[in-house]
Amino acid sequence: LIFKELETMIFDLIMIDVDFPEENGIETLQNLKKHPVFFDIPIIIITDKSNVKILEYCFRYGADDIISKPIDKYTLQLRIRAVLDKLQYLRRIEMQMNIIKMKRKMKEEKYSQSALKDKTQRKIAKEIMRLFDKEKIYLQKEVSSEMLAKMLKINKVYLSQVMSSELDTNFYDLLNKYRIKEATKILTTQGTKKLTLEAISSTVGYNSRVTFNRAFKKVTGITPSDFLNSLSEA
């Protein structure tokens, strides 16, 4: 296999027949996995050998799958699709991790000049969660970021910093998350037997049904009515 001739080509998948007489397939596999251009391309090994050592070497040196001869066309298509789907999934995870790292770096740069120390931030974050979990301040209609900052005896800038750096959220997303969680709890336990959706909206802190509906769909992906329907169908 002449790597120089292949380096300018784009591959989604490489298949190697380890029984090919002109080439040592296992050695080719090793060389591909060490090569800076080909190391992350999925490789499927094809062989008619049932030797356990051969199979062990193939997986040890980076093969993504091994297919035995004779090859069934339909099975081959399924195995190729499975390998490519796995690759796509791993790349998506890697992309998400890179985005998280980038956001974290941006947060660090944004608040690099802040006088708020890490230990203090963690203490404030813990108090925020106590106010939400224990005191249930999210049920108060008048609750706001200004009100929360005042309760914590910090300014809004510091509150925003702690929300972002320690809790990876913002005030209104956290508020809606808790309110909608409470609403789904009420709907699940009693449905509309005692409270209307308007009443539930008011109970969990919203001033209007429209705002409640919008927040409910953003958090759960469906409307309150659709949620109720799903309960009745269960």
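Residues numbered from 1 in each chain as written. Predicted model: local features only at pLDDT ≥ 70, side-chain atom pairs only at ≥ 80, totals over all residues. Heavy atoms only, no water.

A. View of helix α6 (residues 145-152). Inspection of α6 places Ser 145, Leu 148, Ala 149 and Leu 152 among the buried residues, and these make up the whole buried set. The arc that holds every buried residue of α6, seen down its axis, measures 100 degrees, which confines them to one face. Each element contacted by the buried residues of α6 is listed here: α5 (118-133), α7 (156-167) and α8 (171-190). Looking one or two places after α6, you find Lys 153, whose phi comes out positive at around 60 degrees. (Buried < 20%, exposed > 50% of the residue type's maximum accessible area, 1.4 Å probe, protein only. Helix = DSSP H or I, 4+ residues; strand = E, 2+ residues; numbered from the N terminus. Arc of directions from axis to C-beta. Contact = heavy atoms within 4.5 Å.)

B. Here's a closer look at the pairing of strand β1 (residues 14-17). Every second residue of β1 is oriented toward a common face, the buried set being Ile 14 and Ile 16 and the non-buried set Met 15 and Asp 17. Relative to strand β2 (residues 43-47), β1 runs parallel, the two sharing four bridges. Across the sheet, the residue bridging to Asp 17 is Ile 46, located in β2. (Pairing = 2+ DSSP bridges.)

C. Main features of the nonpolar core. Ile 128, Phe 132, Leu 148, Leu 152 and Leu 159 are the most contacted members of the largest nonpolar core, which has 20 residues in total. Among the secondary structure elements, those contributing two or more residues to this core are α5, α6, α7 and α8. Judged by nonpolar contacts, the second largest core, of 14 residues, contains Val 18, Ile 26, Ile 43 and Ile 66. (Core = buried A, V, L, I, M, F, W, Y, C linked by side-chain atoms within 4.5 Å.)

D. Expanded view of the pattern of salt bridges. All told, the structure shown has ten salt bridges when counted by the stated rule. Asp 17 is the partner of Lys 69 in a salt bridge, and the nearest nitrogen-oxygen pair spans 2.9 Å. Of this pair, Lys 69 sits in the loop between β3 (65-68) and α4 (73-110) while Asp 17 sits in strand β1; the two residues are 52 residues apart in sequence, bridging distant segments of the chain. Using a relative accessible area of 32% as the deciding quantity, one classes Lys 69 as partly exposed. (Salt bridge = Lys/Arg side-chain N within 4 Å of Asp/Glu carboxyl O.)

E. Region of interest: the packing of aromatic side chains. Tallied over the entire structure, the rule returns nine aromatic pairs. Judged by centre distance (5.7 Å) and plane angle (70 degrees), the ring pair of Phe 216 and Phe 227 falls under edge-to-face. With Phe 216 in helix α10 (residues 209-220) and Phe 227 in helix α11 (residues 224-233), the pair connects residues that are eleven residues apart, well separated along the chain. Judged by relative accessible area, which is 0%, Phe 216 ranks as buried. An aromatic cluster of three or more residues is present, and its members are Tyr 206, Phe 212, Phe 216 and Phe 227. Above the plane of the ring of Tyr 206 lies Arg 179, whose end atom (NZ or CZ) is 4.9 Å from the centre. (Phe/Tyr/Trp six-rings, centres within 6.5 Å; stacked < 30°, edge-to-face > 60°. Lys NZ or Arg CZ within 6 Å of the ring centre and 35° of its normal.)

F. Focus on the side chain of Thr 47. Mapping Thr 47 onto the fold places it in strand β2. Of the residues examined, Thr 47 reaches a relative accessible area of 0% and is grouped as buried. Setting aside residues up to four positions removed in sequence, Thr 47 forms contacts with Val 18, Asp 19, Ile 66, Ile 67, Ser 68 and Lys 69.

G. Up close: the sheet that holds β2. Strand order in the open sheet formed by three strands is β1-β2-β3, and the pairing between neighbours is parallel. Both edges of this open sheet fall to β1 and β3, since each of them pairs with a single strand only. Neighbour-to-neighbour, the strand axes of the sheet open up by a mean angle of 25 degrees, direction not taken into account. Contacts from helix α2 (residues 25-34) reach β1 and β2, with the element oriented near 155 degrees to β1. (Axes fitted to C-alpha atoms, helices over the stretch in contact; angles between N-to-C directions.)

H. Quick peek at unusual backbone geometry. Note the cis peptide between Lys 69 and Pro 70, where omega equals -5 degrees. As for its position among the elements, Pro 70 is in the loop between β3 and α4. In this structure, Lys 136 is a non-glycine residue whose phi angle is positive, near 50 degrees. Tracing the backbone shows Lys 136 in the loop between α5 and α6. Although it is not a glycine, Asp 168 adopts a positive phi angle of roughly 55 degrees. Note on placement: Asp 168 falls in the loop between α7 and α8. Judged by its relative accessible area of 61%, Asp 168 is exposed.

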